[in-house]
Amino acid sequence: KVFTSTGYHFAHMDNREFETIVESNAAGTPTNFSFPKQIRDARADNDYDSHTWVGNLTMTPWQWLSLGTKLKAETIRRESNSRYPQDASPSSAGGSTPDGTIELVIDSFAKNKVVRWGEGLSLRMTALPRTTLYTELELEQARIQMGEDRKVVVGSSASDVFNRYTITDVRRGTWTLGGRVDPHPWLDMTAHVRRRVNNNDYDDQRESVASGTALSAFIDEQNQHTNEFATRATLRPCRWFRSSFRYQLRDDDYSTRFEAQDTVKTGT
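Residues numbered from 1 in each chain as written. Predicted model: local features only at pLDDT ≥ 70, side-chain atom pairs only at ≥ 80, totals over all residues. Heavy atoms only, no water.

Asks: Just give me the short version of the overall build of the chain, but keep the residues and values in it.
Replies: Broken down by element type, the chain carries 0 helices and 10 strands. Sequence-ordered secondary structure for the chain, helices as α and strands as β, is β-β-β-β-β-β-β-β-β-β. Relative to its length of 268 residues, the chain is extended, with a C-alpha radius of gyration of 28 Å against a globular reference of 18 Å. Seen through its principal axes, the chain has C-alpha atoms that stretch 85 × 45 × 40 Å. Within the chain, buried positions represent 25% of all 268 residues. Expressed as a percentage of contacts within the chain between residues at least 6 apart in sequence, the contacts between residues at least 24 apart total 64%. For the chain, the exposed area adds up to about 17000 Å²; of that, 56% sits on carbon and sulfur atoms. (Helix = DSSP H or I, 4+ residues; strand = E, 2+ residues; numbered from the N terminus. Rg over C-alpha atoms; globule rule 2.2 N^0.38 Å. Buried < 20%, exposed > 50% of the residue type's maximum accessible area, 1.4 Å probe, protein only. Contact = heavy atoms within 4.5 Å. Areas by Shrake-Rupley, 256 points an atom, 1.4 Å probe, with all protein chains shown as cover.)

Asks: Pulling in residues and values, what's your account of the layout of surface pockets?
Replies: Approximately 320 Å³ is the volume attributed to the largest pocket. If you go around the largest pocket, you meet 19 residues; those closest to its centre are Glu138, Leu139, Glu140, Arg172 and Thr174. Of all the elements in the fold, those that place two or more residues in the lining of the largest pocket are strand E3 (65-87), strand E4 (104-125), strand E5 (131-154), strand E6 (162-184), strand E7 (187-207) and strand E8 (219-238). (1 Å grid on protein atoms, 1.4 Å probe; cavity = no way out; pocket = protein on both sides within 12 Å on 5 of 7 lines; lining within 4 Å. Points joined across faces, edges and corners; volume = space filled by probe spheres on them.)

Here is the structure:
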């Protein structure tokens, strides 16, 4: 037997947001109390598009053996921009009255492009009596491009001048080996071992020098490796009663490399 399927999915989203923040006294006069500035007609625009294709192929060359493969390809594009006009004068001293003039305008732009591939392979065997053995392998590769730019178009603010362009390479994989045994009609037992790998490599192609509170990327690499063992026994002595016992042991190792520093390793 051979079974195959395929699918394509497209998503598009536009988002617009408007914001005005004004503090006033009891008489309705704009006044700065706790908030240091008045926000006048701020706006943000976001556009998102994604294309996803998946394919699946399952073969059963013998009644006791099943083979499965799958493939996924995806592209994502995001673009966003915002404008933040502020009546920032006078300062936030309690009771001060804004002058109604926009003293500071900040523009921000961000572009994000993602290309992702995924592959899968599975094998299931039922040749042994009352026993099912299986193994699964899933892989994923992604390349993420992120561009960020922020600038001041009216006024002056060193902490809001920022730009960065980062390319992130992601490598993920999961391998599972497990089985199920039914020694008696009212008892079944399952167990599996699993290995997960999640590697992220961040490469800053362009970045601004930190000034004020505008900080650039500070993580160059972060990896997570997981080993897991789990087992479960289920008892069904009659139709109206079912009891299960489950045990899981999991070990996570993290490796993080910060900019201009040594690699830090932790575990749980």
